[in-house]
Amino acid sequence: MYFRILENAQHDAAGYLLADLGHHRAVVIDPPATSRSLICALLDERRLQLSDVLLTHLHANDDGHEVLALGQHTGAAIRLGKLVAHPPEAATLLEEDDTLTVGDELIHAIATPGHTAGCISYRWRDRLFCGDVFDIGSCAAGNIEADAGALFDSLTRRILTLPDETLVFPAHGIRGQRVSTIGEQRRRLSQVTRHSREAFVTEMAFRRLARPALEELLNPAN
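Since the model is a prediction, treat every value here as computed from it, not as a measurement.

Cut-offs applied
- Residues numbered from 1 in each chain as written.
- Predicted model: local features only at pLDDT ≥ 70, side-chain atom pairs only at ≥ 80, totals over all residues.
- Heavy atoms only, no water.
- Salt bridge = Lys/Arg side-chain N within 4 Å of Asp/Glu carboxyl O.
- Helix = DSSP H or I, 4+ residues; strand = E, 2+ residues; numbered from the N terminus.
- Buried < 20%, exposed > 50% of the residue type's maximum accessible area, 1.4 Å probe, protein only.
- Pairing = 2+ DSSP bridges.
- Phe/Tyr/Trp six-rings, centres within 6.5 Å; stacked < 30°, edge-to-face > 60°.
- Lys NZ or Arg CZ within 6 Å of the ring centre and 35° of its normal.
- Contact = heavy atoms within 4.5 Å.
- Axes fitted to C-alpha atoms, helices over the stretch in contact; angles between N-to-C directions.
- Parallel < 35°, antiparallel > 145°, perpendicular 65-115°, else oblique.
- Left-handed = near helix turned anticlockwise from the far one by under 90°.
- Nonpolar A, V, L, I, M, F, W, Y, C, P; charged D, E, K, R; others polar.
- Core = buried A, V, L, I, M, F, W, Y, C linked by side-chain atoms within 4.5 Å.

Peer 1: When you look at the pattern of salt bridges in this model, what are you seeing that I'm missing?
Peer 2: Should their charged atoms come close, side chains of opposite charge can pair. Under the definition given, this model contains 11 salt bridges. The closest approach of N and O atoms between Arg 157 and Asp 153, which form a salt bridge, is 3.8 Å. Note that Arg 157 and Asp 153 are positioned in helix H3 (residues 148–159) at a spacing of 4 residues, about one turn of the helix. On the basis of relative accessible area, Arg 157 is assigned to the exposed category, the value being 58%. Asp 153 sits in the buried class, given a relative accessible area of 16%. One salt-bridge network, held together by shared partners, links Glu 96, Asp 97 and Arg 158.

Peer 1: Explanation requested: the sheet that holds strand S10 (residues 127–131) in the structure shown.
Peer 2: Pairing between the strands of a sheet is mediated by backbone hydrogen bonds and can be parallel or antiparallel. Overall, mixed pairing links the 6 strands, which are arranged S7-S8-S9-S10-S11-S12 in an open sheet. Edge positions in the sheet fall to strand S7 (99–102) and strand S12 (180–181), since each of these pairs with one other strand and no more. Strand direction decides the pairing type here: strand S9 (residues 120–124) and S10, joined by 3 bridges, are antiparallel. Looking across to S10, one finds that Trp 124 is bridged to Arg 127.

Peer 1: Sorry if this is basic, but what is going on with the packing of aromatic side chains here?
Peer 2: Pairs of aromatic rings are described using the distance from one ring centre to the other and the angle between the two planes. What the rule picks out here adds up to 8 aromatic pairs. Geometrically, the ring pair formed by Phe 3 and Tyr 16 is stacked, given 6.1 Å between the ring centres and 5 degrees between the ring planes. Of this pair, Phe 3 sits in strand S1 (residues 2–8) while Tyr 16 is found in strand S2 (residues 13–20), placing the two residues 13 residues apart along the sequence. When its relative accessible area of 25% is taken as the criterion, Phe 3 is described as partly exposed. In this structure an aromatic cluster arises from ring pairing among Phe 3, Tyr 16, Trp 124, Phe 129 and Phe 169. Arg 127 extends its terminal NZ or CZ atom over the ring of Phe 3, reaching a point 4.6 Å from the ring centre.

Peer 1: How do you make sense of the environment of Gly 131 when you look at a structure like this?
Peer 2: Within the element layout of this structure, Gly 131 appears in strand S10. Taking C-alpha positions, Gly 131 is 7.6 Å from Asp 30, a pair spaced 101 residues apart along the chain. The contacts of Gly 131, once residues within four sequence positions are left out, are Asp 30, Thr 56, Phe 169, Pro 170 and Ala 171.

Peer 1: Looking at this structure, I do not really get the packing of helix H1 (residues 36–46) against helix H2 (residues 65–74). What am I missing?
Peer 2: Two measures define how a pair of helices packs: the angle their axes make with one another and the distance between the axes. H2 packs onto H1 with a crossing angle of 30 degrees between their chain directions and a minimal axis gap of 11 Å. The angle between the axes of H1 and H2 places the two elements in the roughly parallel class. Our pair here, H1 against H2, has a crossing hand that is right-handed. Facing H1, whose interface residues are Arg 36, Ile 39, Cys 40 and Leu 43, H2 presents Ala 69, Leu 70, His 73 and Thr 74. Here the residues of the contact of H1 with H2 sort into 5 nonpolar, 2 polar and 1 charged.

Peer 1: Any chance you could explain the nonpolar core here in plain terms?
Peer 2: Soluble, globular proteins show a tendency: their nonpolar side chains are buried together. By size, the foremost hydrophobic cluster in this structure holds 22 residues, and its most contacted members are Leu 17, Val 28, Leu 50 and Val 53. The residues contacting Val 53, other than those within four sequence positions of it, are Val 28, Pro 31, Val 67, Leu 70, Ala 76, Ala 77, Ile 78 and Arg 79. Counting residues in each nonpolar core, the second largest holds 18 residues, with Phe 134, Ala 148, Leu 160 and Leu 162 among its members.

Okay, structure coming up:
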């Protein structure tokens, strides 16, 4: 297998390219903005055919233009969770627990709503690609699309039940860190997940209200 992290330093965003070199098949998860040229160059270098573009989520104000352009250029299918609010017409919607094949490899879809209603994570071997289910070290407060109760359920029932050694690759890093483990995340998130669902919802609501004031404090020029 071939595995490559695709970074967009401007937005501290990351996507992931996975490929079965023996079968010359590849998928990309959450390709960052402006990464199409890099992805195509990597595909050409390894003589790979991109079969799927997998998105963990799509916000209501995102028309998916760049992702659709990548799909059209490579012939890859665009795949999203079935509960995405406004999926592009060209997208294929995944059911909970669907399994995708990449050559001889299997990628398992896991419904993880919360950051948005249609969030979905992907598990491959010992690795989990979870989008914005959480940032490394904390839960992403999200915006008006977020449902803190659903996020609590996704964390406690679907994510933190995975083996401690599972490697976690979110859509955004923190201060350059791109990977964690389920065991590490379980310890770091224990302060907000060990209490009741109601307490978690209250905590996330507070974070969402406090975030604009914090961003203004950290970036007064804006």
